[in-house]
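Spelled out, the chains give:
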Amino acid sequence: MERADATMHIGELAERTGLSLRTIRHYDEVGLLEPTGRTVGGFRLYTHDDFSRLMLIRRMKPLGFSLEEMTELLRIIDSFGSDPARSDDPGQSDEPGERAKLDSFIAQAVDRRAKLEQQLAMADEFLELLRAK
């Protein structure tokens, strides 16, 4: 079991998430994922909460959300005050209208997933045609 205050360097975070160092640094530069802290030497330090946030970002990417959309969705999720990786604690937002905004993102994600599913079906059909040759 990890200690709640345990930290990891960017290399370990990259290895655990399957993302490149460059991508994680870019997410820091654009404000999507700021490290929880830094070492005396200036190296980024990340926590388990940072890891969970990065995994959420990684799950948005295949659905085609822009960096701006990701930023907005993370802001909305943060307004609910719950860990984005936990589905058992939906939390409550203090901001009026945030539930409607979240519901809109959910609807977009459902639509985008359906499009990906259609593309996957077409790719499967294509592979079947090639294999039949």
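What counts as what
- Residues numbered from 1 in each chain as written.
- Predicted model: local features only at pLDDT ≥ 70, side-chain atom pairs only at ≥ 80, totals over all residues.
- Heavy atoms only, no water.
- Helix = DSSP H or I, 4+ residues; strand = E, 2+ residues; numbered from the N terminus.
- Buried < 20%, exposed > 50% of the residue type's maximum accessible area, 1.4 Å probe, protein only.
- Contact = heavy atoms within 4.5 Å.
- Phe/Tyr/Trp six-rings, centres within 6.5 Å; stacked < 30°, edge-to-face > 60°.
- Lys NZ or Arg CZ within 6 Å of the ring centre and 35° of its normal.
- Core = buried A, V, L, I, M, F, W, Y, C linked by side-chain atoms within 4.5 Å.
- Pairing = 2+ DSSP bridges.
- Salt bridge = Lys/Arg side-chain N within 4 Å of Asp/Glu carboxyl O.

Peer 1: Account for the environment of Ile76, with residues named and values stated.
Peer 2: Relative to the elements of secondary structure, Ile76 occurs in helix α4 (residues 67-79). Residue classification places Ile76 among the buried residues on the basis of a relative accessible area of 0%. Linking Ile76 and Lys101, residues 25 residues apart in sequence, is a C-alpha distance of 7.5 Å. For Ile76, the residues in contact, after removing those within four places along its chain, are Glu98, Lys101, Leu102 and Phe105.

Peer 1: Lay out the packing of aromatic side chains in plain terms, naming residues and giving numbers.
Peer 2: This structure, assessed with the given rule, holds one aromatic pair. Here Phe65 and Phe105 contribute two aromatic rings whose centre-to-centre distance is 5.9 Å and whose plane-to-plane angle is 50°, an arrangement assigned as tilted. One end of the pair, Phe65, is in the loop between α3 (48-60) and α4; the other, Phe105, is in helix α5 (residues 98-131), with 40 residues separating them in the sequence. Accessibility expressed as a relative area gives 10% for Phe105, which makes it buried. For the cation-ring pair, Arg112 lies above Phe65, with the distance from its terminal atom to the ring centre recorded as 4.1 Å.

Peer 1: How would you sum up the nonpolar core? Please name residues and give values.
Peer 2: Core analysis: the largest hydrophobic core is formed by 25 residues, its most contacted members being Leu13, Ile24, Leu33, Tyr46, Leu54, Ile57 and Met60. Elements that contribute at least two residues to this core include exactly α1 (10-17), α2 (21-29), α3, α4 and α5. When residues of this core are assigned to their parent elements, the largest contribution, six residues, is made by α3. Setting aside its immediate chain neighbours within four residues, Leu13 contacts Met8, Ile24, Leu33, Tyr46, Phe51 and Leu54.

Peer 1: How would you explain the sheet that holds strand β2 (residues 37-38) if you had to name every residue and give the values?
Peer 2: Strands sit in the order β1-β3-β2 across an open sheet of three strands; the sheet is antiparallel. At either margin of the open sheet sits one strand with a lone partner, and together these are β1 (8-9) and β2.

Peer 1: Provide a residue-level description of the pattern of salt bridges, including the pertinent values.
Peer 2: Enumeration over the complete set of coordinates arrives at nine salt bridges. Taking the shortest distance from any N to any O, the salt bridge between Arg75 and Glu98 comes out at 3.1 Å. One end of the pair, Arg75, is in helix α4; the other, Glu98, is in helix α5, and 23 residues separate them in sequence. In this structure Arg75 comes out as partly exposed when scored by relative accessible area, which is 34%. As a salt-bridge pair, Lys101 and Glu98 come within 3.2 Å of each other at their nearest N and O atoms. Of the two residues, Lys101 and Glu98 both sit in helix α5, three residues apart, roughly one turn of that helix. Judged by its relative accessible area of 36%, Lys101 falls in the partly exposed class. Three or more residues are tied together by salt bridges with common partners; here these are Glu72, Arg75, Glu98 and Lys101.

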